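Letter by letter, the chains look like this.
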Amino acid sequence: MVLRKKIFWLNFLAMAFIAINLRAPITSIGPIVEYIQSHFGLNAAFVGTLTSLPLIAFGLFSFLVVQFHPIKAMIVGLLCIITGEIIRAYTEYIAYFLYIQDTVIVQVFGLCGLFIGTICMGAGIAVANVLLPSFIKSKFSNKVAFFMGIYSFILNTSAIIGIALALPLVRIMGLLHAMAFWAILAIAALLLYIPQTRNGRIQRISVKPKKSFCIYKNLNAWKIAAFMGIQSFMFYGIIVWLPKIIVEKGYNVDIATQITLISQCVAIPIALFGPILLTRLRAKYKPFYMAGLCSLYFISLTLLLLCDDSIILYIIAILLGMPMGGVFSIALLFISQKSSTLFISTKLSAMSQGCGYLIASLAPFLMGGLHDIFGSFAIGILTFAFMGFLLSILGLFAYRADIIEEI
């Protein structure tokens with residue numbers, strides 16, 4: 001009994017600390033966009049590209065994860081997160097060590113490190129994104145919905161930590177040290193995951209199914225992938241640019257960060273209880289719950305486009321937080337629920353998150369690019385409101401998708 005509890009807590013802490021690394025390094029960019037623009041000399045489109053790079057890495061590397069031993073892949077992924085966070089912050093110092101005095105060359109070193117480190121970090125996060133849902137299905141098979149809620153809860157907590165600490169860290173430590181700070185959490189996650197390698201588990205050969213199964217030919221898998229993609233598109237496009245949108249409405253960066261934080265505070269309980277509520281609702285009410293939750297994106301973004309009043313902005317933050325927390329946790333739940341086996345779950349996770357994050361990678365760049373073209377965020381907000389409406393339809397398709405079986 002004691003051993004079983006020990007194993008449970010080792011698994012839980014490993015899952016929790018890995019999950020906390022999956023959003024903070026990205027959401028911390030939003031409140032310090034102006035510092036990054038000033039230090040590296042970037043315009044809005046380039047900042048959008050910078051925040052899109054982890055998502056592109058999520059998409060590209062997610063497809064590869066299933067080809068490797070999951071424990072080895074997770075360790076390599078955590079090492080990539082640590083390395084990427086250090087590279088993106090400190091490459092600029094290489095020029096100083098080489099005694100380069102030319103300011104332009106120093107800036108080029110810094111820019112290269114910023115983008116290369118971000119890609120490396122994104123590749124590591126991609127590994128964990130794919131493997132953690134399968135890890136939960138394997139380690140907590142009796143309470144998958146509950147632990148998917150916990151997982152999503154931690155992800156949203158991670159987003160809050162990134163937003164809440166971004167400005168204080170920059171003001172205390174400076175921009176570059178603040179960007180490298182998140183490597184500490186990744187090191188802690190790696191140390192907690194190492195016990196998974198004991199008892200020769202890392203050397204065991206995974207048993208592959210005799211039949212070849214191509215999940216990309218399954219229509220139900222594409223329904224879930226599309227749902228995951230658009231919800232990720234909404235989340236990352238909004239979380240990166242919401243502080244800047246609020247600033248352009250005439251508020252200071254502290255108020256903008258506070259409003260963004262409120263949205264994530266609301267997301268936490270919704271992320272935790274959303275999957276549980278969906279599983280307990282009567283079948284006839286579940287489609288209404290799905291459509292209603294997704295439609296809050298459309299409603300809140302329409303209000304954001306039309307209103308500048310501070311009270312309305314706080315209400316918008318509450319409305320935005322509900323789908324930002326609830327929709328993602330339900331998308332994760334679908335990956336587990338719609339899979340007949342652990343093998344299918346890993347395949348579906350890789351596909352839905354790979355395709356999904358490639359779609360999501362367009363969001364920060366699109367919002368930043370539209371801002372540069374039109375001189376405001378109005379067209380970008382309108383575009384995202386339409387995508388919120390589309391998400392409601394895709395949510396219903398994903399909910400009605402059949403369980404995926406090996407054929």
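Residues numbered from 1 in each chain as written. Predicted model: local features only at pLDDT ≥ 70, side-chain atom pairs only at ≥ 80, totals over all residues. Heavy atoms only, no water.

(A) How the structure looks around the overall build of the chain. Across its full length, the chain holds 17 helices and zero strands. By the burial criterion, 56% of the 407 residues in the chain qualify as buried. Sequence-distant contacts in the chain: of pairs separated by 6 or more residues, those separated by 24 or more amount to 86%. Carbon and sulfur atoms make up 71% of the accessible area of the chain, which amounts to about 17200 Å² in all. The centroid of the 27 positive side-chain charges in the chain is displaced by 24 Å from the centroid of its 12 negative side-chain charges. (Helix = DSSP H or I, 4+ residues; strand = E, 2+ residues; numbered from the N terminus. Buried < 20%, exposed > 50% of the residue type's maximum accessible area, 1.4 Å probe, protein only. Contact = heavy atoms within 4.5 Å. Areas by Shrake-Rupley, 256 points an atom, 1.4 Å probe, with all protein chains shown as cover. Lys, Arg positive; Asp, Glu negative; His and termini not counted. Charge placed at Lys NZ, Arg CZ, Asp CG, Glu CD.)

(B) A look at the nonpolar core. Counting residues in each nonpolar core, the largest one holds 135 residues, and the members touching the most others are M15, Y151, F227 and M234. Looking at which element gives the most residues to this core, the answer is helix 11 (residues 219-248), with 17 residues. Other than its neighbours up to four places away in sequence, F227 contacts M290, C294, V327, A331, F334, L391, L394, G395 and A398. (Core = buried A, V, L, I, M, F, W, Y, C linked by side-chain atoms within 4.5 Å.)

(C) How the structure looks around the side chain of Q231. Within the element layout of this structure, Q231 appears in helix 11. Only 2.9 Å separates the side chain of Q231 from the side chain of S232, close enough to count as a polar contact. If near-sequence neighbours (up to four positions away) are discounted, Q231 is found in contact with Y297, V327, F328, A331 and L391. (Polar contact = N/O pair within 3.5 Å; in protein donor to acceptor, adjacent residues only side chain to side chain.)

(D) Molecular detail of helix 15 (residues 342-360). An ideal rise of 1.5 Å per residue puts 27 Å on 19 residues; helix 15 measures up with 26 Å between its terminal C-alpha atoms. Of all 19 residues in helix 15, 14 are buried; the element is thus mostly enclosed. (Expected span 1.5 Å × (residues − 1).)

(E) Summary view of the packing of helix 13 (residues 286-306) against helix 17 (residues 378-399). Remark: helix 13 packs on helix 17, axes separated minimally by 8 Å, with the N-to-C direction vectors making an angle of 180 degrees. The pairing of helix 13 with helix 17 is recorded here as roughly antiparallel in orientation. Every residue of helix 17 that contacts helix 13 at K286, P287, M290, A291, C294, S295, Y297, F298, L301, T302, L304 and L305 is listed here: A378, I381, L382, F384, A385, G388, F389, L391, S392, G395, L396 and Y399. Residue composition of the contact of helix 13 with helix 17, by class: 18 nonpolar, five polar and one charged. (Axes fitted to C-alpha atoms, helices over the stretch in contact; angles between N-to-C directions. Parallel < 35°, antiparallel > 145°, perpendicular 65-115°, else oblique. Nonpolar A, V, L, I, M, F, W, Y, C, P; charged D, E, K, R; others polar.)

(F) The packing of aromatic side chains, seen in detail. The tally for this structure, following the rule as stated, stands at 16 aromatic pairs. Here the aromatic rings of F12 and F147 are separated by 6.4 Å at their centres, their planes lie at 70 degrees, and the arrangement is edge-to-face. Note that F12 is positioned in helix 1 (residues 2-19) and F147 in helix 8 (residues 144-173), a separation of 135 residues in sequence. F147 shares its class with F12; the two are buried. Members of the aromatic cluster, each reached through a chain of ring pairs, are F8, W9, F12, F140, F146 and F147. The lysine or arginine in question, K338, covers the ring of F334, its NZ or CZ lying 5.7 Å from the ring centre. For K338, the ring lying beneath its charged end belongs to Y399, and the centroid distance is 5.9 Å. (Phe/Tyr/Trp six-rings, centres within 6.5 Å; stacked < 30°, edge-to-face > 60°. Lys NZ or Arg CZ within 6 Å of the ring centre and 35° of its normal.)

(G) Representation of the environment of T51 within the structure. Checked against the element boundaries, T51 lands in helix 4 (residues 44-65). Of the residues examined, T51 reaches a relative accessible area of 3% and is grouped as buried. When neighbours within four sequence positions are excluded, T51 is seen to be in contact with I29, V240 and P364.

(H) Spotlight on a nonpolar patch on the surface. Taken together, I56, L60, F61, L64, F68, I119 and L358 make up a surface patch of nonpolar side chains, about 590 Å² in accessible area. Among the elements that make up the nonpolar patch, the one with the highest residue count is helix 4 (four residues). On the secondary structure map, L60 appears in helix 4. Among the residues examined, L60 registers a relative accessible area of 48% and is labelled partly exposed. (Patch = residues over 30% accessible without salt bridge, like charges linked within 9 Å, V, L, I, M, F, W, Y side chains within 5 Å. Salt bridge = Lys/Arg side-chain N within 4 Å of Asp/Glu carboxyl O.)

(I) Spotlight on the pattern of salt bridges. As enumerated under the stated definition, the model contains three salt bridges in all. The salt bridge involving R171 is made with D254; its shortest N-O contact spans 3.3 Å. Highlighted residues: R171 in helix 8 and D254 in helix 12 (residues 253-280), separated in sequence by 83 residues. As a salt-bridge pair, K249 and D308 come within 2.7 Å of each other at their nearest N and O atoms. You can see K249 sitting in the loop between helix 11 and helix 12 and its partner D308 sitting in the loop between helix 13 and helix 14 (310-337), a full 59 residues away along the chain. Owing to a relative accessible area of 43%, D308 belongs among the partly exposed residues under this scheme.

(J) Expanded view of the packing of helix 1 against helix 10 (residues 183-193). Relative to each other, helix 1 and helix 10 sit at 155 degrees, their axes nearing to 8 Å. One element, helix 1, and the other, helix 10, form an angle in the roughly antiparallel class. Two packed elements cross with a definite hand, and for helix 1 against helix 10 that hand is left-handed. Facing helix 1, whose interface residues are L13, A14, F17 and I18, helix 10 presents A188, A189, L192 and Y193. Broken down by class, the residue content of the contact of helix 1 with helix 10 amounts to eight nonpolar, no polar and no charged. (Left-handed = near helix turned anticlockwise from the far one by under 90°.)

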